[in-house]
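# Residue-level structure breakdown
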There are 2 protein chains.
Amino acid sequence: MAVLQFELEVTDQVSKARAGTITTDHGQIQTPIFMPVGTAGSVKAVSQQQLKEDVQAQIILGNTYHLYLRPGLDVLEQAGGLHRFNAWDRPILTDSGGYQVFSLASSRKITEEGVLFQSHIDGSRHLFTPENVMDIQRTIGADIIMAFDECPPYPSEYAYAKKSMELTHRWLDRCFTQFNNTPDKYGYTQNLFPIIQGSTFADLRKASSEYIASKNAAGNAIGGLSVGEPDNMMYEYTELCCDLLPVHKPRYLMGVGTPWNILECIALGVDMFDCVMPTRNGRNAMLFTSKGVINIDNKKWEKDNSPLDDGIDCTVSNLYSKAYLRHLMKAKEILGLTIASVHNLAFYLWLVKEARKHIQAGDFLSWKNEQVQILQQRL
Amino acid sequence: MAVLQFELEVTDQVSKARAGTITTDHGQIQTPIFMPVGTAGSVKAVSQQQLKEDVQAQIILGNTYHLYLRPGLDVLEQAGGLHRFNAWDRPILTDSGGYQVFSLASSRKITEEGVLFQSHIDGSRHLFTPENVMDIQRTIGADIIMAFDECPPYPSEYAYAKKSMELTHRWLDRCFTQFNNTPDKYGYTQNLFPIIQGSTFADLRKASSEYIASKNAAGNAIGGLSVGEPDNMMYEYTELCCDLLPVHKPRYLMGVGTPWNILECIALGVDMFDCVMPTRNGRNAMLFTSKGVINIDNKKWEKDNSPLDDGIDCTVSNLYSKAYLRHLMKAKEILGLTIASVHNLAFYLWLVKEARKHIQAGDFLSWKNEQVQILQQRL
């Protein structure tokens with residue numbers, strides 16, 4: 001039982017891409033890595049066996065806001081934490097709930113103390129503070145706990161972004177105090193990652209990166225990007241942040257993104273990603289494949305008996321045809337949602353694994369530049 | 001490539017239960033057997049891998065009415081039949097669509113020729129005849145094709161039931177003529193099962209059983225039961241029919257039923273069953289388990305971390321807890337529908353496998369009488 005370790009194995013010579021291994025008490029994670037999002041204790045439409053065998057997921061996310069409201073902490077504690085509750089024995093990361101409080105709660109009021117909000121489920125009133133969000137994530141049982149932050153929208157006024165960042169920093173101090181004063185909950189080590197904010201202002205991003213770096217945490221996150229800004233701006237601030245973060249700690253870019261976003265950000269030094277896109281877009285008939293993007297609802301796939309994607313190593317992607325998945329989607333069969341989600345996640349995991357191989361082989365940059373073109377094609 | 005064979009291995013000495021093996025060109029089926037229903041080419045919410053590995057299904061159903069309307073015959077023919085289309089390489093049985101025409105179509109008109117109906121999907125007009133329903137099922141590519149029949153409701157007037165049965169018999173002659181005059185479609189042998197009707201009238205059931213038996217088909221079915229009549233009446237007519245059917249051909253009781261219905265009808269000499277109950281009821285939070293019936297929505301399961309069912313050999317039933325499934329159902333997570341469906345089907349397949357073991361061991365009747373009590377308990 002030990003604090004999360006990060007072994008940096010290879011740094012690309014021509015880009016800033018890295019390959020490494022994160023070690024947690026629930027096992028190792030090969031980076032760069034994509035983490036499927038399991039909002040309410042389930043990666044939507046995908047079983048834990050499918051996550052292991054078909055997707056080959058190494059770590060999944062849980063969401064503090066959702067899990068706190070339902071099933072609730074008493075249920076999770078009684079089960080012995082989320083790993084026991086949902087039968088997932090590999091690492092889990094929980095986000096802090098800050099983002100969902102702002103995007104989902106039916107009302108919210110932000111103060112120095114924290115955020116008072118009403119549940120989107122039943123209207124009940126709750127208060128999230130840096131302190132209780134640490135306690136909640138300990139009770140959920142995450143291996144990686146995220147700091148409680150405010151994520152300003154894009155675009156934000158400079159004054160608001162600065163005020164928000166300063167609040168996030170004060171909240172971070174309170175997070176660390178609470179985290180350091182409380183024990184691990186279930187016998188394995190829990191780790192706190194702080195989050196850089198600062199919207200799309202270089203001086204704020206720089207100040208926030210330096211503040212976060214100074215905490216000497218087991219890993220660090222970049223938040224407040226992929227919230228509507230142009231891709232180039234996302235890349236610009238991701239690079240700025242990466243350059244100021246410790247080299248020997250994993251870097252997590254929150255909520256990113258498309259397959260090409262992920263490749264570009266790996267090239268800038270990011271190690272960890274999460275996004276609902278593969279599952280959400282999959283449920284809406286959009287497939288990411290090794291040959292480009294497919295809208296499986298299109299008539300052109302009606303009689304196409306070729307596999308969903310024979311370019312990746314996933315039974316589901318190799319077994320089922322485009323014609324069959326199109327039929328399932330048209331007929332609103334639940335299996336269609338599952339196949340599309342499993343395939344997209346397997347593709348994302350294949351992509352980061354390929355990236356890792358090419359970083360190790362020393363030809364990442366040219367491979368990445370080629371893939372970014374291929375993957376964006378509309379088939 | 002050969003006509004379906006049935007080897008009757010054991011006949012119980014104290015009940016009429018039988019254990020046997022059906023051999024088709026897509027593999028063998030150990031009887032008694034339960035066949036999961038894959039209406040539109042997918043067993044709802046369950047993947048083909050889960051059907052094989054977790055449920056251990058040996059044969060699944062497809063539905064002619066649904067598959068004919070969507071994806072349509074051109075798509076299925078282009079794929080090389082349903083096995084290729086949905087990546088299921090074990091046996092498939094298709095029902096004839098008669099039942100769905102009466103229960104689903106937005107309007108229907110029955111004549112000597114066949115049934116004119118409007119699609120429930122888009123209102124388009126179609127005609128099903130005994131002849132084209134044989135052709136449709138050949139194109140779908142079923143190993144076992146069902147005769148086109150009329151299934152009268154319960155209760156029916158005697159005069160209507162008699163007239164309907166006679167029509168079903170005339171249609172059956174036309175089915176056999178068409179079936180015998182057309183080749184197998186995809187290189188494996190297709191087999192036609194006729195269906196006994198006669199509602200709940202002993203003389204009609206007797207006449208229909210004798211007529212169906214006279215056809216000397218590869219297997220025979222009992223239709224028109226489990227349509228609302230009391231269980232005892234279903235058992236009475238099932239036994240009457242079984243007693244008049246050939247001993248050395250498999251007997252299929254259509255649309256039955258609860259776990260205890262299945263055990264009782266195995267005791268009367270039935271070999272094959274299908275029903276939407278395990279999947280449909282599963283999606284509505286009702287679990288059949290080796291210890292009794294569970295409504296997983298009940299508050300009493302909120303913190304129950306015991307497995308869904310540790311009495312059967314199924315990873316899904318053993319891995320996930322009652323508390324987790326309850327949470328998934330409450331949160332309307334798709335995975336909840338999948339877990340409940342996989343578990344219920346695995347339980348049904350476990351049940352018929354256990355029945356087979358006890359028939360072989362010679363203690364079926366006492367085991368059955370005990371199980372019928374246990375399985376109906378509300379937990």
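Residues numbered from 1 in each chain as written. Chains lettered and ligands numbered in written order. Predicted model: local features only at pLDDT ≥ 70, side-chain atom pairs only at ≥ 80, totals over all residues. Heavy atoms only, no water.

## Structural notes on the overall build of chain A
- If you tally the helices and strands in chain A, you get 15 helices and 17 strands.
- Principal axes of the C-alpha set define a box for chain A whose edges measure 60 × 50 × 45 Å.
- For chain A, long-range pairs separated by at least 24 residues make up 68% of all intrachain contacts whose partners lie at least 6 apart in sequence.
- When the accessible surface of chain A is totalled, it reaches about 13,400 Å², and 50% of it is carbon and sulfur.
- Looking at charge distribution, chain A has the averaged site of its 36 positive side-chain charges lying 5 Å from that of its 42 negative ones. (Helix = DSSP H or I, 4+ residues; strand = E, 2+ residues; numbered from the N terminus. Contact = heavy atoms within 4.5 Å. Areas by Shrake-Rupley, 256 points an atom, 1.4 Å probe, with all protein chains shown as cover. Lys, Arg positive; Asp, Glu negative; His and termini not counted. Charge placed at Lys NZ, Arg CZ, Asp CG, Glu CD.)

## A short note on the domain arrangement of chain A
Residue and element names in this part refer to chain A.
- Per the domain assignment, the segments of chain A are domain 1 (5-277) and domain 2 (282-375).
- Here the C-alpha centroids of domain 1 and domain 2 sit 26 Å apart.
- Taken residue by residue, the interface counts 36 residues in domain 1 and 32 residues in domain 2.
- At the boundary of domain 1 with domain 2, total buried surface from both sides reaches about 2,800 Å², with 72% on carbon and sulfur atoms.
- In this assembly, domain 1 and domain 2 are joined by two salt bridges. (Domains from an automatic or database assignment. Buried area = accessible area lost by both parts, 1.4 Å probe. Salt bridge = Lys/Arg side-chain N within 4 Å of Asp/Glu carboxyl O.)

## Let's talk about the sheet that holds strand β7 (residues 107-110) of chain A
Residues and elements named next belong to chain A.
- Across the sheet, three strands lie side by side as β7-β8-β9; this open sheet has antiparallel pairing. Single-partner strands in this sheet number two, and they are β7 and β9 (125-128). Within the sheet, the average angular offset between the axes of one strand and its neighbour, ignoring direction, is 20°. (Pairing = 2+ DSSP bridges. Axes fitted to C-alpha atoms, helices over the stretch in contact; angles between N-to-C directions.)

## Some words on helix α9 (residues 231-244) of chain B
- Taking 1.5 Å of rise per residue, the 14 residues of α9(B) would be expected to cover 20 Å, and the 20 Å separating its terminal C-alpha atoms lies within 8% of that figure.
- Taken as a whole, α9(B) has its buried residues at Met234(B), Tyr235(B), Tyr237(B), Thr238(B), Cys241(B) and Cys242(B). (Expected span 1.5 Å × (residues − 1). Buried < 20%, exposed > 50% of the residue type's maximum accessible area, 1.4 Å probe, protein only.)

## Here's the deal with the relation of the copies chain B and chain A
- With an axial shift of 0.0 Å and an RMSD of 0.0 Å, the rotation relating chain B to chain A amounts to 180°. Put plainly, the chains are arranged around a two-fold axis. Among all residues of chain B, the one whose C-alpha sits closest to the rotation axis is Ile334(B), at a distance of 3.9 Å.
- Counting the interface residues of chain B, we find that 100% of their copies in chain A are interface residues as well, pointing to one common contact surface. (Least-squares fit on C-alpha atoms with pLDDT ≥ 70 in both.)

## Looking at the state of the cysteines
All names here are of chain A.
- One pass over the full model with this rule turns up zero disulfides over all chains.
- Free of any disulfide, Cys 242 has its nearest cysteine sulfur in Cys 241, 7.1 Å distant.
- Judged by relative accessible area, which is 2%, Cys 242 ranks as buried. (Disulfide = S-S within 2.5 Å.)

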